[in-house]
Amino acid sequence: MVEESQAKAKERMENAIEALQVAFKKIRTGRAHPSILDAIHVDYYGSATPLSQLANISVEDARMLSVTPWEAKIVPDVEKAIMKSDLGLNPSTAGNVIRVPMPMLTEETRKGFIKQAKQEAESARVSIRNARRDANGELKALVKDKEISEDDERRAQDSIQKVTDTFIAEVENLLKEKEQDLMEI
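All of these numbers come straight from a predicted model, not from anything done at the bench.

Overview of helix α2 (residues 75-84)
Then, number 1: Among the residues of α2, Val-75, Val-78, Glu-79, Ala-81 and Ile-82 are the ones counted as buried. Taken down its axis, α2 places every buried residue within 160° of arc, on the same side.

Notes on the pattern of salt bridges
Then, number 1: One pass over the full model with this rule turns up 11 salt bridges.
Then, number 2: Between Arg-125 and Glu-122 there is a salt bridge, with the nearest N and O atoms lying 2.5 Å from each other. On the criterion of helical spacing, the pair formed by Arg-125 and Glu-122 is a turn pair, its members being 3 residues apart in helix α3 (residues 107-144).
Then, number 3: Relative accessible area serves as the criterion here: at 11%, Arg-125 is assigned to the buried category.
Then, number 4: Here Glu-153 makes a salt bridge to Lys-140, at a shortest N to O gap of 3.7 Å. Residue Glu-153 is found in helix α4 (residues 150-183), and its partner Lys-140 is found in helix α3; the two are separated by 13 residues along the sequence.

Notes on the nonpolar core
Then, number 1: In this structure, Leu-20, Phe-24, Ile-128, Leu-139 and Val-171 are the most contacted members of the largest nonpolar core, which totals 29 residues.
Then, number 2: Elements with a minimum of two residues in this core: α1 (2-26), α3 and α4.
Then, number 3: Ignoring sequence-local partners within four residues, the contact set of Ile-128 consists of Met-13, Ala-16, Ile-17, Thr-164, Phe-167, Ile-168 and Val-171.

A short note on the sheet that holds strand β6 (residues 97-101)
Then, number 1: With respect to topology, 4 strands assemble into an open sheet ordered β3-β4-β6-β5, the strand pairing being antiparallel. Two strands close off the open sheet at either side, each with one partner strand: β3 (55-61) and β5 (92-94). Along the sheet, successive strands turn relative to each other by an average axial angle of 25°, direction set aside.
Then, number 2: Relative to strand β4 (residues 64-69), β3 runs antiparallel, the two sharing 6 bridges. Bridge pairing in β4 places Val-59 opposite Leu-65.
Then, number 3: Running at roughly 15° to β6, α2 makes contact with β4, β5 and β6 of the sheet.

Considerations on the layout of surface pockets
Then, number 1: Approximately 200 Å³ is the volume attributed to the largest pocket.
Then, number 2: Taken together, 10 residues form the lining of the largest pocket, with Lys-26, Ile-27, Asp-86, Leu-87 and Gln-116 sitting closest to its centre.

Description of the environment of Val-75
Then, number 1: Secondary-structure assignment places Val-75 in helix α2.
Then, number 2: With relative accessibility at 6%, the residue Val-75 sits in the buried group.
Then, number 3: Note: C-alpha distance between Val-75 and Ile-57 (18 residues apart in sequence) is 13 Å.
Then, number 4: In this structure Val-75 touches Pro-69, Thr-93, Gly-95, Asn-96 and Ile-98, once residues within four positions along its chain are discounted.

Reading the values: rules and limits
- Sequence positions are assigned chain by chain, starting from 1 and proceeding in written order.
- This being a predicted model, a pLDDT of at least 70 is required before a residue's local features are given, and a value of 80 or more before pairs of side-chain atoms are given or counted; all residues contribute to the totals for chains, interfaces and linings.
- Computation of side-chain values covers all heavy atoms of the structure but excludes hydrogens and water.
- Exposed residues in this analysis have more than 50% of their type's maximum accessible area, buried residues have under 20%, and partly exposed residues fall in between, with area computed by a 1.4 Å probe over protein chains only.
- Where helices and strands are cited, they refer to DSSP runs of H or I of at least four residues and of E of at least two residues respectively, numbered from the N terminus.
- Starting at the helix axis, one direction is taken to each C-beta atom, and the arc is that of these directions.
- Salt bridges are counted wherever a side-chain nitrogen of Lys or Arg sits within 4 Å of a carboxyl oxygen of Asp or Glu.
- In these notes, a set of buried Ala, Val, Leu, Ile, Met, Phe, Trp, Tyr and Cys residues joined through side-chain atoms within 4.5 Å is what counts as a nonpolar core.
- Whether two residues are in contact is decided by their heavy atoms, any of which lying within 4.5 Å being enough.
- Pairing between two strands requires that DSSP report at least two bridges joining them.
- Helix axes use the C-alpha atoms of the stretch in contact, all axes being lines fitted to C-alpha atoms, and the angles between their N-to-C directions lie in the range 0 to 180 degrees.
- Cavities and pockets were defined on a 1 Å grid built from protein atoms only: a cavity is a group of points that admits a 1.4 Å probe but offers it no way out, a pocket is an open group of points flanked by protein on both sides within 12 Å along at least five of seven lines, and a lining residue is one with an atom within 4 Å of any such point.
- Grid points are joined across faces, edges and corners, and a volume is the space filled by probe spheres set on the points.

Okay, here's the thing in structure tokens:
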């Protein structure tokens, strides 16, 4: 039962890290990277379909993405979806190829993106701490029901705290990497 609580808490903490990594991918840096467009969905035959399933996305150079839809008739829809996204990108179409230039980041936008990254990191920390709190609550309930001893509870809480500290440190490392990435010119 103790192991079950610990495993569940660890899984929730891992999910928080994965969610943080996805959130960080959405925060664009000055360099072109295909994952920037991962969140974009295009209306395709009445359903919102991820752009990556409708087109080939490649990097032309450090500041330019190239999007080549597999069907020529959806080029305007893809271009519209990229413009409507909250990424601040202005695509230009040349035949069946959509080029997406990555604008230079100003100091102000860099600081705004760092602030956004810090908020995402704090959300991940809160999720990790909530997982720890819930696991500790389950342990207290087991002690109350006399299924485990207080010593077992204490050992399990120490173990959960060590796992929590590891995941919090991972959040800090990811945030530090993202800040460095954003501040590079």
